[in-house]
Amino acid sequence: MNNVKDLQTIEETLKYLQFDNWEQSAPGLARSRELLGLLGNPEQKLKFVHIAGTNGKGSTAAMLASVLRRAGYRTGLYTSPHLLRFHERMRVNGEEIDDESLISLTNTVRNAAESMSEMPTGFEIMTAIAFLYFVQEQCDIVSLEVGLGGRLDSTNVIPAPEAAVITNIGLEHTALLGDTLQKIAAEKAGIIKKSIPVVIGESDVRYNSVIEQAAAANKSKVVYAEQVFTCEEHRIEGESQLFRLRRTRDGHEFDVELDLQGNYQVHNVITASAAVDFLHEETPLTISRRAYLEGMRCAAANTALMGRWQTLAESPLTVCDTGHNAHGIAYVADQLKATPHRELYCVIGFVRDKDLAHILPLLPRDAHYIFTQARSERALPAAELTAKAAIYGLRGEAVEEVTAAVARAKELAAPEDMIFIGGSTYVVAEAL
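These notes cover the structure that comes with them. (Residues numbered from 1 in each chain as written. Predicted model: local features only at pLDDT ≥ 70, side-chain atom pairs only at ≥ 80, totals over all residues. Heavy atoms only, no water.)

What to know about the nonpolar core
Point 1. The biggest cluster of nonpolar side chains holds 42 residues, and the ones touching the most others in it are M63, L245, V269, I287, Y292 and M296.
Point 2. The element that contributes the greatest number of residues to this core is helix 10 (residues 265-282), accounting for 9 residues.
Point 3. The residues contacting I287, other than those within four sequence positions of it, are V67, L68, A71, V276, L279, H280 and Y292.
Point 4. Grouped together as the second largest cluster of nonpolar side chains are 37 residues, F48, M90, I97 and A130 included. (Core = buried A, V, L, I, M, F, W, Y, C linked by side-chain atoms within 4.5 Å. Buried < 20%, exposed > 50% of the residue type's maximum accessible area, 1.4 Å probe, protein only. Helix = DSSP H or I, 4+ residues; strand = E, 2+ residues; numbered from the N terminus. Contact = heavy atoms within 4.5 Å.)

Here's what the structure looks like:
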């Protein structure tokens, strides 16, 4: 029996839940299974849509949560990392977990973890807290975002979900997931469960066969979202984007409004729409066309999703985006080219484990860079980033603190210029 003194305040609790400082153990599901077993297996009392992918899984998870909520289901949403405060990671019907629940459930999980022979990682503890919270709040369904990879991610202890979704595959976390798209695809495909269909957001001949083999081994159907819906038109109107989607099987067209910015959201809209279509057609869930359209229109508002091509100021135009790997930065670079501006100032920082050899060549060379570093042990020092960027023809200056770097960009930029803030979720979080 342990004699750990319970956490009393939210400050103590959040200090305990500072994951940056947690020792990362060898990947695997054994610790999560043991921990959840000690807690009465809350994951077995819930229904899920499980979402993996290199990019877009947070946006897709938010869209699905918003639509399911509009369809009348009490809906949990589990995402990571957070931008402004820890509570964002666990929501029910759009509302963040409250202090009292977070303190209480953290104590429950912490006491169970202390009795284990091997201490769980921070993310494993957090996932257990989330499952207990969703049971406490009597959720009908949970939109569950994978933390890292899929096969060995602690979210993958869940029983068969209503559906699995893989948004796309790109090179990321190569030291943990593998150094090829095929190896990474095999890790993401690890969320496929027996006889449960998987929706693939962006198909690619380089990895489709890997996912199809994993699905075949599980007797699971593969649904390619781009074969279910096509985007016929796309335009931006004020704070929203408008998409005309055509459903392939019957030619039906839907005018879908989305309150999230970023041209890359067209991929996520198609992915989420195909997942909604599948859930309505082939599971006990009922989702009306009205719930679908209203849920998409208010996806950001219903889930408080931030940092997706988010406009922070108009003059100069200041935008932040959490894209932080080569796949995501490629989308960001395309959008920067497509956005009218005179001069471009980029406030950029990365964490140490990023594959900068694949990322830095994607960034525009004609911008002035302010290289920075977030207040995280994982952050790459600004001076080191400046030197590496120079190899790829990216010029600028180093300003170590994010807030000072943003202030420097504002000092340099004229009203008709543009400021972009990104490279790392931590950088965006501090800028926000």
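So, next bit.
Overview of the pattern of salt bridges
Point 1. All told, the structure shown has 25 salt bridges when counted by the stated rule.
Point 2. D277 serves as the salt-bridge partner of R247, at 3.4 Å between the closest nitrogen and oxygen. Separated by 30 residues along the polypeptide, R247 in strand 10 (residues 240-247) and D277 in helix 10 bring together distant segments of the chain.
Point 3. Residue classification places R247 among the buried positions, given a relative accessible area of 15%.
Point 4. A relative accessible area of 12% places D277 in the buried class. (Salt bridge = Lys/Arg side-chain N within 4 Å of Asp/Glu carboxyl O.)

Some words on the state of the cysteines
Point 1. This model, assessed by the stated rule, comprises 0 disulfides.
Point 2. Looking at C346, it has no disulfide partner, and the nearest cysteine sulfur is the one in C320, 13 Å off. (Disulfide = S-S within 2.5 Å.)

Observations regarding the environment of D353
Point 1. Within the element layout of this structure, D353 appears in the loop between strand 14 (344-348) and helix 14 (356-359).
Point 2. Taking C-alpha positions, D353 is 33 Å from E95, a pair spaced 258 residues apart along the chain.
Point 3. Residues contacting D353, with those up to four places away along its chain left out, are H173 and R378.

Considerations on the packing of helix 3 (residues 57-70) against helix 11 (residues 289-297)
Point 1. Taken N-terminus to C-terminus, the directions of helix 3 and helix 11 make an angle of 135°; their axes are 8 Å apart at the nearest point. One way to sum up the angle between helix 3 and helix 11 is to call them oblique. Relative to helix 11, helix 3 is oriented so that their crossing is right-handed. Judged by residue contacts, M63, S66, V67 and R70 of helix 3 engage A291, Y292, E294, G295 and M296 from helix 11.
Point 2. Within the contact of helix 3 with helix 11, the residues separate by chemical class into 5 nonpolar, 2 polar and 2 charged. (Axes fitted to C-alpha atoms, helices over the stretch in contact; angles between N-to-C directions. Parallel < 35°, antiparallel > 145°, perpendicular 65-115°, else oblique. Left-handed = near helix turned anticlockwise from the far one by under 90°. Nonpolar A, V, L, I, M, F, W, Y, C, P; charged D, E, K, R; others polar.)

Some points on the pairing of strand 2 (residues 75-78)
Point 1. Every second residue of strand 2 is oriented toward a common face, with T75 and L77 on one face and G76 and Y78 on the other, all of them buried.
Point 2. Note that strand 2 and strand 5 (residues 141-145) share 4 bridges and pair parallel. In the strand pairing of strand 5, Y78 is matched with L144. (Pairing = 2+ DSSP bridges.)

Side note on the sheet that holds strand 10
Strands belonging to one sheet form pairs held by backbone hydrogen bonds; the direction of such a pair is parallel or antiparallel.
Point 1. In spatial order, the strands read 9-10-11; together these 3 strands make up an open sheet with antiparallel pairing. Strands at the two margins of the open sheet, each flanked by one partner only, are strand 9 (229-237) and strand 11 (253-258). On average, each strand axis in the sheet is tilted by 20° relative to the strand beside it, whichever way the strands run.
Point 2. Of the strand pairs in this sheet, strand 10 and strand 11 are connected by 6 bridges, and their pairing is antiparallel. The residue of strand 11 that forms the bridge with R246 is E253.
Point 3. Against the sheet, helix 10 touches strand 9, strand 10 and strand 11, its axis set at about 50° to strand 10.

Side note on a nonpolar patch on the surface
Point 1. Taken together, the side chains of L84, L312 and L432 define a hydrophobic patch exposed on the protein surface, amounting to about 230 Å² of accessible area.
Point 2. Note on placement: L84 falls in the loop between strand 2 and strand 3 (90-92).
Point 3. A relative accessible area of 48% places L84 in the partly exposed class. (Patch = residues over 30% accessible without salt bridge, like charges linked within 9 Å, V, L, I, M, F, W, Y side chains within 5 Å. Areas by Shrake-Rupley, 256 points an atom, 1.4 Å probe, with all protein chains shown as cover.)

Description of a negative patch on the surface
Point 1. A cluster of acidic residues, E11, E12, D98, D99 and E100, forms a negative patch on the protein surface.
Point 2. Taken together, the elements giving at least two residues each to the negative patch come down to helix 1 (10-16) and helix 4 (99-114).
Point 3. Position of E12 among the secondary structure elements: in helix 1.
Point 4. Overall, E12 belongs to the partly exposed group, its relative accessible area being 34%. (Lys, Arg positive; Asp, Glu negative; His and termini not counted. Charge placed at Lys NZ, Arg CZ, Asp CG, Glu CD.)

Observations concerning the packing of aromatic side chains
Point 1. With the rule as written, the count across this model stands at 8 aromatic pairs.
Point 2. Residues F48 and F131 carry aromatic rings whose centres are separated by 5.5 Å and whose planes lie at 65° to one another, so their mutual orientation is edge-to-face. With F48 in strand 1 (residues 48-52) and F131 in helix 5 (residues 122-136), this residue pair connects regions lying 83 residues apart in the sequence. The residues F48 and F131 share a single accessibility class, namely buried.
Point 3. Plain terms: the ring middles of W309 and F420 are 5.9 Å apart, the flat faces sit at 25° to each other, and that makes the pair stacked. Note that W309 is positioned in the loop between helix 12 (299-303) and strand 12 (310-314) and F420 in strand 17 (residues 418-422), a separation of 111 residues in sequence.
Point 4. An aromatic cluster of at least three residues, connected via ring pairs, comprises F229, F254 and Y292.
Point 5. The ring of Y16 carries R110 above its face, with NZ or CZ at 5.2 Å from the centroid. (Phe/Tyr/Trp six-rings, centres within 6.5 Å; stacked < 30°, edge-to-face > 60°. Lys NZ or Arg CZ within 6 Å of the ring centre and 35° of its normal.)

Spatial relationships are all this shows, so hold off on functional conclusions.
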